[in-house]
Amino acid sequence: MNPKRRTRLVAVLFLVAGTAISVSLVLLALNENINMFYPPDAVVSGEAPIGAQIRAGGMVADGSVLRDPNGLDVSFVLTDYAGSEFKVRYSGILPDLFREGQGVIVQGELTDRGHFQASQVLAKHDENYMPPELAELSPGHQKQPNLIDHGR
Amino acid sequence: MSFHTLNDFLVMGGHGLYVWLAYLTTITVVVGNVLAVQMARRRYFRQARALERRLAGGTVADPGDQTGSPMKGKQ
Amino acid sequence: MSMSASLSVSQSLKAWWHKLGSPRWFYEISGPWQRLFGVLALVLLVTGTVWGLAFAPQDYQQGNSFRIMYVHVPTAIVSQSVYMLMGAAGLVLLVWRMKLADMVLSAAVPFGMSMTACALFTGAVWGKPTWGAWWVWDARTTSMLVLLFLYFGLYALRQAIPREETAGRACAVLALVGTVNIPIIKYSVNWWLTLHQPASFTLTGAPSMPPSMWVPLLINVLGIYCLFAANLIGRLKLTILERERNTQWVRALVREVSA
């Protein structure tokens, strides 16, 4: 390689490396803020602010869904299956994928430590796809893995 | 076949609107990409032919053999 | 391998690299490749789409809305690969000043841009019935939106700078710098908490769906790559014709076609 091209190559590599390093630093600095939601342990420990518009997420605890028979009011518990959980109240139509054992993300505010008033419920699905017949054969797969575990 | 009737296929268990919207948009974009190139190519040759005819008729000055791009030259 | 054999291999590679610098050479050899990739793309995309739409089983949780995957995943994957190719072309242009690299940098933009827009749109249409929202600001969706704006930037930069050589170098720098976004898109779902699910396919693990579901997806992914190859060659040939419109060989070609 002739010296002129080598100089240009080095300059270009510096440009890319410099950009990569600065972007990484920005992302590292913003790390917690890029997370789309607070997991249950952050809600319980006090990391999530009370009375502010936030998003929190977790797995809908088995047997925790209570529906008001006369309306759209519903309450359920979000858990990380590791001891942290909080209660969510919501009034409105739930997404099709909402069910017990499913990951969901709720938007709204914490009224106190452990109680969340949601204005929107989003269903989180995992990366596994399966035909219904196969899912019936393997009940172990019915339950989603803990969707809120990664990324921390 | 995953569907029993044509109606099942169109309705997609209630998700028909979403599924068909996504597919039709993607197909339109894909076909659009193919057509855009073909049409641009046809337009280029039509215009270039018209220019050649005018050159042959002597109504415009011949640009001669130009390199076209400033980046030509020994690597 | 003997010394002389490896020497001749490296020499023919070098000769090929130099030939790549010649737009005319590329124009003349690329026709059959364009047709080959075009036919492959047609066969693969029709097969994969019909299979995914009508024959693949539905998902146990999402039902039929999961079929959007067969258009969402290929467009999303190819939009990132196109950008990586432009980054590589940018590097070649800045270091070796190869004309063809500049042409790739301009000819790949429309396809990449439309595929990114398509991936975002089909993602929104898939998000509504599954998540319950058309759009959320999580790390994956936001970094994909950044990719779309990078494509807009590359397009606008080319239009804004009249001098071809300057425009090419400016685009090369933007393309190269923008490649930093690609690993962010890929790993966003692993690095941060997002609504978007992690990848179903990894290099090391088994796919997280049965073959009846992933085979049509693989066919569509291969198909969209073939389509990109054919489309890129078509646009490159057009760019070559436009940039070399006053050369003898292009003028001869025009006369030949019209005769």
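These figures come from a predicted structure and were not determined experimentally.

Conventions adopted
Residues numbered from 1 in each chain as written. Chains lettered and ligands numbered in written order. Predicted model: local features only at pLDDT ≥ 70, side-chain atom pairs only at ≥ 80, totals over all residues. Heavy atoms only, no water. Patch = residues over 30% accessible without salt bridge, like charges linked within 9 Å, V, L, I, M, F, W, Y side chains within 5 Å. Areas by Shrake-Rupley, 256 points an atom, 1.4 Å probe, with all protein chains shown as cover. Salt bridge = Lys/Arg side-chain N within 4 Å of Asp/Glu carboxyl O. Helix = DSSP H or I, 4+ residues; strand = E, 2+ residues; numbered from the N terminus. Phe/Tyr/Trp six-rings, centres within 6.5 Å; stacked < 30°, edge-to-face > 60°. Lys NZ or Arg CZ within 6 Å of the ring centre and 35° of its normal. Contact = heavy atoms within 4.5 Å. Buried area = accessible area lost by both parts, 1.4 Å probe. Core = buried A, V, L, I, M, F, W, Y, C linked by side-chain atoms within 4.5 Å. Buried < 20%, exposed > 50% of the residue type's maximum accessible area, 1.4 Å probe, protein only. Axes fitted to C-alpha atoms, helices over the stretch in contact; angles between N-to-C directions. Parallel < 35°, antiparallel > 145°, perpendicular 65-115°, else oblique. Left-handed = near helix turned anticlockwise from the far one by under 90°. Domains from an automatic or database assignment. Pairing = 2+ DSSP bridges.

## Examining a nonpolar patch on the surface
Line of reasoning, step 1. On the surface, a nonpolar cluster with roughly 600 Å² of combined accessible area is contributed by Met1 of chain B together with Leu42, Val46, Val50, Trp51 and Phe55 of chain C.
Line of reasoning, step 2. Within the secondary structure, Val46 of chain C is located in helix α2 (residues 23-55).

## Digging into the packing of aromatic side chains
Line of reasoning, step 1. Counting across every chain of the model gives 16 aromatic pairs over all chains.
Line of reasoning, step 2. Ring geometry for Tyr187 of chain C and Trp191 of chain C: centres 5.5 Å apart, planes at 25°, overall stacked. Placement of the pair is Tyr187 of chain C and Trp191 of chain C together in helix α8 (residues 181-191), with a separation of 4 residues, close to one helical turn.
Line of reasoning, step 3. Here the aromatic residues Tyr129 of chain A together with Phe66 and Tyr70 of chain C are joined through ring pairs into a cluster of three or more.
Line of reasoning, step 4. Lying across the ring of Tyr187 of chain C, Lys186 of chain C places its NZ or CZ 5.3 Å from the centre.
Line of reasoning, step 5. When the ring centre of Tyr27 of chain C is taken as reference, the NZ or CZ atom of Lys237 of chain C above it lies at 5.1 Å.

## Describing the interface of chain B and chain C
Line of reasoning, step 1. Counting residues at the interface gives 41 residues for chain B, matched by 58 residues for chain C.
Line of reasoning, step 2. Between chain B and chain C lies a buried interface of about 4,300 Å² when both sides are counted; carbon and sulfur atoms form 66% of it.
Line of reasoning, step 3. For the pair chain B and chain C, the number of links is 2 salt bridges.
Line of reasoning, step 4. A salt bridge links Arg255 of chain C to Glu52 of chain B, with the nearest nitrogen and oxygen atoms 3.0 Å apart.

## A look at the nonpolar core
Line of reasoning, step 1. Core analysis: the largest hydrophobic core is formed by 63 residues, its most contacted members being Tyr44 of chain B together with Tyr83, Met86 and Leu105 of chain C.
Line of reasoning, step 2. Look past the residues within four positions of Leu105 of chain C in its chain and what remains in contact with it is Met86, Ala89, Gly90, Leu93, Arg158, Gly168, Cys171, Ala172 and Ala175 of chain C.
Line of reasoning, step 3. Tyr18 of chain B together with Ala56, Val125 and Val221 of chain C belong to the second-largest nonpolar core, a separate cluster that totals 22 residues.

## Re the packing of helix α3 (residues 69-96) of chain C against helix α4 (residues 99-107) of chain C
Residues and elements named next belong to chain C.
Line of reasoning, step 1. Across the interface, α3 lies against α4 with an axial gap of 8 Å and an inter-helix angle of 150°. Between α3 and α4, the angle falls in the class roughly antiparallel. Taken as a pair, α3 and α4 cross one another with a handedness that is left-handed. Facing α3, whose interface residues are Leu85, Met86, Ala89, Gly90, Val92 and Leu93, α4 presents Ala101, Asp102, Val104 and Leu105.

## So, the domain arrangement of chain A
Line of reasoning, step 1. The assigned domain composition of chain A is domain 1 (1-34) and domain 2 (40-142).
Line of reasoning, step 2. Relative to domain 2 of chain A, the C-alpha centre of domain 1 of chain A lies at a distance of 41 Å.

## Quick notes on the pairing of strand β1 (residues 54-60) of chain A
All names here are of chain A.
Line of reasoning, step 1. Here β1 lies mainly inside the structure; 6 of its 7 residues are buried.
Line of reasoning, step 2. Both β1 and strand β5 (residues 103-112) contribute to a ladder of 6 bridges, which runs antiparallel. Of the residues in β5, the one forming a bridge with Ile54 is Gly108.
Line of reasoning, step 3. Sheet topology places β1 next to strand β3 (residues 73-79); 2 bridges connect them, and they run antiparallel. Counterpart to Met59 in the pairing with β3 is Thr79.

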